[in-house]
Structures are given as C-alpha cells and as structure tokens.
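Below are the chains, spelled out letter by letter.
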Amino acid sequence: MGNWSKLAPYWFLLFTIGFGWFILSPLVPILIKFLGVGLSSIILFISIYGYTMVVLGLLAGYISAKFTVKAALYSAAIISVIGLIGRAIAPNYVAFLITGIIAAIAYPLAMAPVGTVADSLFKDKAHTVIGISVGMLFLGMAFGAFLGPGIFGALGLSGALWTTVLLAIIAAIWIGFGIRGYPTFYKGRSLKGSFKPGMIKNWYVGLSISAIAVLFGGIASTVLGLHHFSITSALSYGGLMGGLAFLGSALGAIILPPLFEQYKQFRLGLVSTGVLMFLMAMLMALGLAYTNIILAIAAGFFLFGFFGNAYWSMAMTSTTNYVSDPAQAGFATSMYSVFTNLGVAFIPVILGGFFGSMSTIAIGVTVVLVLEFVAMLLSPTLLVRKVSSPHKRTARRRRTRTRTKR
C-alpha cells in the first residue's frame, strides 16, 4: 500500500465532516421545532460551513504551508470533536449556532490544504488524491442526508447529533496515530508567487458548478410545489434530489479523475467532463423547471453531480500546476476553495428568487445555463501540466545550446 495507507485517516476525517454537516439537512423541520426558530435561521446554520471556508480558507492554507499539513489536520480533528460535542448538548439556538461555527472551522482546516497533501505524498497522482479527497467529503454529505432521517427515527435528535460526535472521535484518534509519517518539510515554504492570473479561470469553473449545485439542492422542493406536488411529496422528493446530487458528486470525483490520470488523458478529462457537466445542467434545470417526471429530474441531479464534481475536482488540481512547491500547492487549492464558496454564499441567494414562480423561472434557468456554458468553454484552457520556473527554462536553454555547439 505504501503512502496510500497514509491517506485513509485523512479521507475518513473528510467523510465525518461531510456527514456531520449534512445530517442536519433532512432534519430541518425537527430543528425548527426543537430550537424554536424560523427556517431562515436553520438554513443559515447549515450554510455556516461554507462561510467558514470563505473566511478561514486562506488561513488554513497558510497554516499548512508555513507549519505543516499535520498541524492543520490535528487542529481540524480536535476542533471538530469539540464543536460537535457542544452542538449535541446545546440547549438553545444561540449555543447551537456558536458550537456549530466551532465544528465548521474543521472544514477549511481539513479541506483547504488538500493540494499540499497531494503534492507532498503523490506528486504524480495529484488528480487521484484530490479527486478521492473531494469525493469522500461529498460521500459523507450524501450519507448524512440519506441516513439522517433513519438515525433520527431510531435514536431521536440527540442520538443523531451524538452519532456525529462518535464518528468525529474515531477520526481524531485515527488522525492522531495515522498521519505521523506526513512530510514536515517542503522546499522553501515560501508563498511568494502562489497566485497566478490564470487561476481565475479555474476559480470561475469551481464557483459556477458548486453554486448551481447548492442552488438546485435548495430550490428542488419549492419548484416541485409549483408543479402541484403535495407538500409532503415535494419535501420528500426534494430531499431525495439533494442526496442523489451529493452521491453523484462523490462518485464522480472518486472515479473519473483517477481514471483520466491513469491513462494520462488530463486534457480529455477536463474537456469531456466540462461538456457533460453542461449537458447534465440542461437536463437538471429544464427537467425541474418544465416537467414533473421525477425519474428524469433525479437523473439530472445525479449526473450533474457526477460529471460536475469530477470537473470541479480536476479544475482544483489544475491550480497546482501553476506552482512547483507543495506548500504553494496547498495555498493554491485554498484560494480555489475560498472563491468556490464565495459563489455558494451569493449566487443561490441572488438566483433563488427566480425559481419561486413560474412567471420568472425562465430567467433563472437562462442564467444558470449561461453560467455553466461559460464554465464548459473554459475547459480546454485549464493547465494540465506544471509550469516550469524561469530558472529551469533558462537551464534547459543553456543545455540545448551546449548540445548544439557540440
């Protein structure tokens, strides 16, 4: 197994973070009653994870770069346990919110430095490492969304919350023993030059895909209600759509990037997933807006997650090609995560209102398809190999001139 076994505790930590995050999604009505607050307050609570990435993502990348990845992951594991315990015993909304924010801090600490993890342990398998890492986070989100109602039915709300604590404790113990072999030295550790203007293309791809995924996860029940589904059916099917999107996202990121990397077809991977992402966005958006065929809508959600998150993951890995230092690679993926979550924070809020009425839904669908069409057009322009430094290029030219003279 070699270095691959070292990634297991890291991947399990990401899984538990995703699980602890989205086990709350299907329990929103229960939380409203238990905490005595409105829907918007609970949605804010669930969104806290995304906001922490925006606020702390660059700091998390800085910690892993200037200190070590181990420092970031130890912190993530400990903070996750503390926050989730506090959440499980919180007596009111304010305490629930504060402890939830603490738990959410584990997300940027664990996810932002994924580029450093990939570049320091598997420089030639970055797409595989980042793809599976992203996939494990989404797999945890999918399992949380799918299993949340069942766990609540068997153990109640308290039991559901303590289940997340148990998983977090297991992850923390495993992290404590399992990442001791992670590298502690990266050449230079300088973050100078971590940003390149070309990365902005990658940021747009990540921003557009994640924002639309979150948007449709949030509006599915509302739009189904416009198609005259009963409230119960609309909520049930809406939860199913969200779970399928997360499951598709997990499987897409775990399967496709490693497959394209195995055959060294990075450009084909980016372009093909970009095109298929756009086609599935059309199926998802048009299907939800203008039909009531649940099977077609569900297929759109799953396949958009599958191809969209594969493209998202490969676009993230592409940012590491702008730098040569593992420390800078982690900071590059941190920047990508931050701007991706900026899209999550604002775009669903701006576009969501268009999907509340059949008279404006066409505007929302049009904007969504334009956003994803541009993301598809950018796929051939993303970097697929490392940009060599000026010093290396100069050295190569000198060697070439020497061989020519000989």
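Each value, and the rule that gives it
- For every chain, the first residue of its written sequence is number 1, and the numbers climb from 1 along that sequence.
- Local features are withheld for residues below a pLDDT of 70 in this predicted model, meaning they are given only at 70 or higher, and side-chain atom pairs are given and counted only at 80 or more; totals for whole chains, interfaces and linings count all residues.
- Heavy atoms throughout the structure, all of them, feed into the side-chain values; hydrogens and water do not.
- Each helix is a run of DSSP H or I of at least 4 residues and each strand a run of E of at least 2, with the numbering of both proceeding from the N terminus.
- In this scheme, a residue with accessible area under 20% of its type's maximum is buried, one over 50% is exposed, and one in between is partly exposed, where area comes from a 1.4 Å probe on protein chains only.
- In what follows, a contact means two residues having at least one pair of non-hydrogen atoms within 4.5 Å.
- To be clear on the numbers: accessible area is Shrake-Rupley with a 1.4 Å probe, and residue cover counts the displayed protein chains and nothing else.
- For patch detection, residues must exceed 30% relative accessible area and be free of salt bridges, and they are connected within 9 Å for like charges or within 5 Å for nonpolar side chains (Val, Leu, Ile, Met, Phe, Trp, Tyr).
- Salt bridges are identified by distance alone: a Lys or Arg side-chain nitrogen within 4 Å of an Asp or Glu carboxyl oxygen.
- Pairs of N or O atoms are called polar contacts if they sit within 3.5 Å, as long as, within protein, a hydrogen donor faces a hydrogen acceptor (for residues adjacent in sequence, only side-chain-to-side-chain pairs).
- Classification of ring pairs uses Phe, Tyr and Trp, with its six-membered ring standing for Trp, and accepts pairs whose centres are within 6.5 Å; under 30 degrees between planes counts as stacked, over 60 as edge-to-face, and the remaining range as tilted.

Some points on the overall build of the protein chain
Each helix and strand counted, the protein chain has 15 helices and zero strands in total. Taken over 406 residues, the protein chain has a buried fraction of 54%. Expressed as a percentage of contacts within the protein chain between residues at least 6 apart in sequence, the contacts between residues at least 24 apart total 85%. Per element, the accessible surface of the protein chain, about 16,700 Å² overall, is 72% carbon and sulfur.

Regarding a nonpolar patch on the surface
Residues Ile78, Ile82, Val94, Ile98 and Ile102 make up a contiguous nonpolar surface patch of about 450 Å² in total accessible area. Tallying contributions element by element places helix H5 (residues 93–104) first for the nonpolar patch, with three residues. Looking at the secondary structure, you find Ile82 in helix H4 (residues 69–89).

Some details on the side chain of Asn341
On the secondary structure map, Asn341 appears in helix H13 (residues 326–352). At a separation of 2.8 Å, a polar atom in the side chain of Asn341 contacts the main-chain carbonyl oxygen of Ser337. When near neighbours in sequence (up to four residues on either side) are disregarded, Asn341 contacts Gly50, Met53, Val54 and Tyr107.

Brief notes about unusual backbone geometry
A positive phi is found at His228, a non-glycine position, where the angle reads about 70°. With respect to the helices, strands and loops of the structure, His228 is situated in the loop between helix H9 (199–226) and helix H10 (231–262). You can call His228 exposed: its relative accessible area is 75%. With a phi close to 55°, Lys264 is a non-glycine residue in the positive phi region. Tracing the sequence through the fold places Lys264 in the loop between H10 and helix H11 (266–290).

Observations concerning the packing of aromatic side chains
The final tally for this structure, using the stated rule, is 17 aromatic pairs. Between Phe12 and Phe15, the ring centres sit 6.3 Å apart and the planes meet at 15°, which makes this aromatic pair stacked. Taken together, the residues span about one helical turn, with Phe12 and Phe15 both in helix H1 (residues 4–22) at a distance of three residues. For the pair formed by Phe12 and Phe15, the shared burial category is buried. Between Trp312 and Tyr336, the ring centres sit 5.1 Å apart and the planes meet at 70°, which makes this aromatic pair edge-to-face. Of this pair, Trp312 sits in helix H12 (residues 294–319) while Tyr336 sits in helix H13, and the two are 24 residues apart along the sequence.

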